[in-house]
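# Architecture at a glance
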Amino acid sequence: QVQLVESGGGLVQAGDSLRLSCAASGRTFSNYAMGWFRQAPGKEREFVAAIGSIANTYYADSVKGRFTISRDNAKNTVYLQMNSLKPEDTAVYYCAAGISIVTITSGRGDYWGQGTQVTVSS
């Protein structure tokens, strides 16, 4: 199995930046697609970004140009660099792993972390 632990969340002001990390354990990490989701108060969980095993990336329209997903296979870690944060980015951010990009972007990750809170004040 794959275990995921997110970190890096916090309280920031609009316009600030944060980098979230997702540390993974388990076999064949480099072959997994990875992704980030978020759930804001009173809203459904939504897709944020995904990265495939060959580092191909995908983003939700709401974060394109502001967020960057990357991976370091040697460290079994996936990152989400979040710039120009807005109050509407406030949410619990979850890391997910799946066997393919489609598995991630469809919302059905095979493994999920516990989440890290990101709060952006205006």
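Residues numbered from 1 in each chain as written. Predicted model: local features only at pLDDT ≥ 70, side-chain atom pairs only at ≥ 80, totals over all residues. Heavy atoms only, no water.

## Focus on the sheet that holds strand β3 (residues 18-25)
- Taken together, 4 strands build an open sheet; the order of strands is β1-β3-β8-β7 and the sheet is antiparallel. Single-partner strands in this sheet number two, and they are β1 (3-7) and β7 (67-72). The average angle at which neighbouring strand axes cross in this sheet is 15°, direction not considered.
- In this sheet, β3 lies alongside β1 in antiparallel orientation, the contact comprising 5 bridges. Note that in β3 the partner of S7 across the bridge is S21. (Pairing = 2+ DSSP bridges. Helix = DSSP H or I, 4+ residues; strand = E, 2+ residues; numbered from the N terminus. Axes fitted to C-alpha atoms, helices over the stretch in contact; angles between N-to-C directions.)

## A word on unusual backbone geometry
- The backbone phi angle of N76 is positive, close to 50°, even though this residue is not glycine.
- With respect to the helices and strands, the residue N76 is situated in the loop between β7 and β8 (77-82).
- With phi around 50°, S84 is a residue other than glycine that occupies positive phi space.
- For S84, the position within the fold is in the loop between β8 and β9 (91-98).

## Some words on the pairing of β9
- The buried count for β9 comes to 6 of 8 residues, which makes it a mostly enclosed element.
- Where strand β4 (residues 33-39) and β9 come together, 7 bridges link them in antiparallel fashion. Its bridge partner being in β9, A33 is matched across the sheet by G98.
- In terms of strand pairing, β9 meets strand β11 (residues 116-121) through 3 bridges, oriented antiparallel. The residue of β11 that forms the bridge with A91 is V118. (Buried < 20%, exposed > 50% of the residue type's maximum accessible area, 1.4 Å probe, protein only.)

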